[in-house]
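Summary of structural features
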Amino acid sequence: AGPGHWNDPDMLEVGNGHMNADEYRTHMSLWCILAAPLLAGNDLSKMTAETREILTNPEVIAVDQDAAGMQGYRVQQEGPLEVWVKPLADGGKAVGLFNRGESVMPITAYFSEVGVPDNATVRDLWTRKDLGTYRDSFTAQVPNHGVVLIKVK
């Protein structure tokens, strides 16, 4: 992926009724980390407010459409838990904490693995809230089949 040539994992399934909200956010997050075209595959005339919120979150879309055009990559995997990182044009990193498991689990992103300073500010992109400054790592409780998508800088 990069300017002029993009990943194409196919259209987004967000809002098609086969997943729950956590799974839809996971799906959207992965497309954005991969710098993929965001092609809505749902019926726009019948979409719920929840689906609209997922598909139009400006901070999540900004990850996908970041000017650097870089593709993210996995930096950590342990069982059903994965950490992905995508370098951003402003020097920050988008970090996805993915849980493919069947229960809520804690996932830790280590700053040395994602390429940010020992002290970094963290923002939750789905809730659009600053979470504070953390040292060395950030840990979140991630829902089953869910994601926590953060920006660290």
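Computed from a prediction, not measured in an experiment: that's the story for all the values here.

**Quick word on the environment of Phe111**
Residue position: Phe111 is located in helix H4 (residues 111-114). It is 9.7 Å that separates the C-alpha atoms of Phe111 and Lys153, two residues lying 42 residues apart in sequence. In this structure, Phe111 is in contact with Val116, Pro117, Asp118, Ala120, Val122, Tyr134, Arg135, Asp136, Ser137, Phe138 and Val152, ignoring residues within four places of it in sequence.

**Describing the environment of Lys93**
Mapped onto the fold, Lys93 is located in strand E3 (residues 93-99). Measuring from C-alpha to C-alpha, the distance between Lys93 and Gly69 comes to 13 Å, with 24 residues separating the pair along the chain. Setting aside anything within four residues of it in sequence, one finds Lys93 in contact with Val85, Lys86, Pro87, Leu88, Val114, Gly115, Val116, Ile150, Lys151 and Val152.

**Overview of the sheet that holds E3**
Strand order in the open sheet made by the six strands is E1-E2-E3-E8-E5-E6, with antiparallel pairing throughout. Here the strands that pair on one side only, and so sit at the sheet edges, are strand E1 (73-78) and strand E6 (129-135). Each adjacent strand pair in this sheet contributes to an overall mean axis angle of 25°, direction not counted.

**Regarding the side chain of Thr26**
Along the chain, Thr26 falls in helix H1 (residues 21-33). Given the relative accessible area of 17%, Thr26 is considered buried. At a separation of 3.3 Å, a polar atom in the side chain of Thr26 contacts the main-chain amide nitrogen of Val147. Excluding residues within four positions of it along the chain, Thr26 makes contact with Phe98, His145, Gly146 and Val147.

About the criteria used
- Residues numbered from 1 in each chain as written.
- Predicted model: local features only at pLDDT ≥ 70, side-chain atom pairs only at ≥ 80, totals over all residues.
- Heavy atoms only, no water.
- Helix = DSSP H or I, 4+ residues; strand = E, 2+ residues; numbered from the N terminus.
- Contact = heavy atoms within 4.5 Å.
- Pairing = 2+ DSSP bridges.
- Axes fitted to C-alpha atoms, helices over the stretch in contact; angles between N-to-C directions.
- Buried < 20%, exposed > 50% of the residue type's maximum accessible area, 1.4 Å probe, protein only.
- Polar contact = N/O pair within 3.5 Å; in protein donor to acceptor, adjacent residues only side chain to side chain.

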